[in-house]
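If you want the building blocks of each chain, they are given just below.
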Amino acid sequence: MLLSQNFEYTERPAALILGRRGFLKVTGLCVAAMAVCGYAIGDLIARRGEIIKARQTGLYTDDLICQKLGLACSHQNPTVMQVYQDLGTKPVDEEMEELLHTHYYPRTLLAVSTQSEDHHE
């Protein structure tokens, strides 16, 4: 008997699905989420200077320790000297320069070069 009956399905208008109160609830939740995210981002930006200063202090402290131990230069480090001996090279050889030399880039250029390297691969 159920199979012989005709059923019609009509969609309700969007205004009935999400009424005025529902719209205000959804909008309020979105605004609250944006406010919380905005506060978190603002807090990170405000503390950025403190974090950078703490990092600098740590690096300078480590550098002073290395200077006191006589390890400020690679040719003073016994481990690096052992690598030179094992490979039969000297600190000024091109091979060692290529293996051990570190390149420094401004952060803005580093972000650009990283993106361009990703596109070339």
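What you are looking at is a predicted structure, and each value in this text was computed from that prediction instead of being measured.

*Asks:* Would you mind going over the overall build of the protein chain in detail, with residue names and values included?
*Replies:* A count of helices and strands for the protein chain gives five helices and zero strands. Overall, the protein chain shows an N-to-C arrangement of helices and strands of α-α-α-α-α. Relative to its 121 residues, the protein chain shows a buried fraction of 3%. In the form shown here, the protein chain has an accessible surface area of approximately 11,800 Å², with 61% of it arising from carbon and sulfur atoms.

*Asks:* Before we move on, could you go through the confidence of the model for the protein chain and cite the residues and values that matter?
*Replies:* Mean pLDDT over the protein chain works out to 79, with 79% of the residues at or above the 70 mark. When the elements of the protein chain are averaged for pLDDT, helix α5 (residues 107-120) gives the smallest value, 59, and helix α2 (residues 20-68) the largest, 90.

*Asks:* Give me the lowdown on a negative patch on the surface, citing residues and values where you can.
*Replies:* Together, E94, E95, E97 and E98 give the surface a local cluster of negative charge. In this structure, E98 sits in helix α4 (residues 94-100).

*Asks:* An account of the pattern of salt bridges is needed here, citing residue identities and associated values.
*Replies:* The final tally for this structure, using the stated rule, is one salt bridge. Note that R47 is salt-bridged to D43, the shortest N-O span being 3.8 Å. Taken as a pair, R47 and D43 lie in helix α2 at a separation of four residues, close to a single helical turn. The class of R47 is partly exposed, set by a relative accessible area of 37%. What makes D43 partly exposed here is its relative accessible area of 33%.

*Asks:* Give me the lowdown on α2, citing residues and values where you can.
*Replies:* When the terminal C-alpha atoms of α2 are compared, their 71 Å separation across 49 residues agrees well with the 72 Å that a helix rising 1.5 Å per residue should span. R47 marks where α2 bends most, by close to 40°.

*Asks:* Outline a nonpolar patch on the surface, supporting the account with residue identities and numerical values.
*Replies:* Taken together, I17, L18, F23, L24 and V26 make up a surface patch of nonpolar side chains, about 500 Å² in accessible area. Take the nonpolar patch: its biggest share by element is three residues, from α2. Its place among the elements puts L18 in the loop between α1 (14-17) and α2. For L18, a relative accessible area of 41% corresponds to the partly exposed category.

*Asks:* Outline the side chain of T89, supporting the account with residue identities and numerical values.
*Replies:* Here T89 lies in the loop between α3 (78-87) and α4. Its relative accessible area of 13% is what places T89 among the buried residues. Among residues more than four places away in sequence, those in contact with T89 are Y84, E95 and M96.

Each value, and the rule that gives it
Residues numbered from 1 in each chain as written. Predicted model: local features only at pLDDT ≥ 70, side-chain atom pairs only at ≥ 80, totals over all residues. Heavy atoms only, no water. Helix = DSSP H or I, 4+ residues; strand = E, 2+ residues; numbered from the N terminus. Buried < 20%, exposed > 50% of the residue type's maximum accessible area, 1.4 Å probe, protein only. Areas by Shrake-Rupley, 256 points an atom, 1.4 Å probe, with all protein chains shown as cover. pLDDT = per-residue confidence, 0-100. Patch = residues over 30% accessible without salt bridge, like charges linked within 9 Å, V, L, I, M, F, W, Y side chains within 5 Å. Salt bridge = Lys/Arg side-chain N within 4 Å of Asp/Glu carboxyl O. Lys, Arg positive; Asp, Glu negative; His and termini not counted. Charge placed at Lys NZ, Arg CZ, Asp CG, Glu CD. Expected span 1.5 Å × (residues − 1). Bend = angle between axes of the 7 residues up to and from the residue. Contact = heavy atoms within 4.5 Å.

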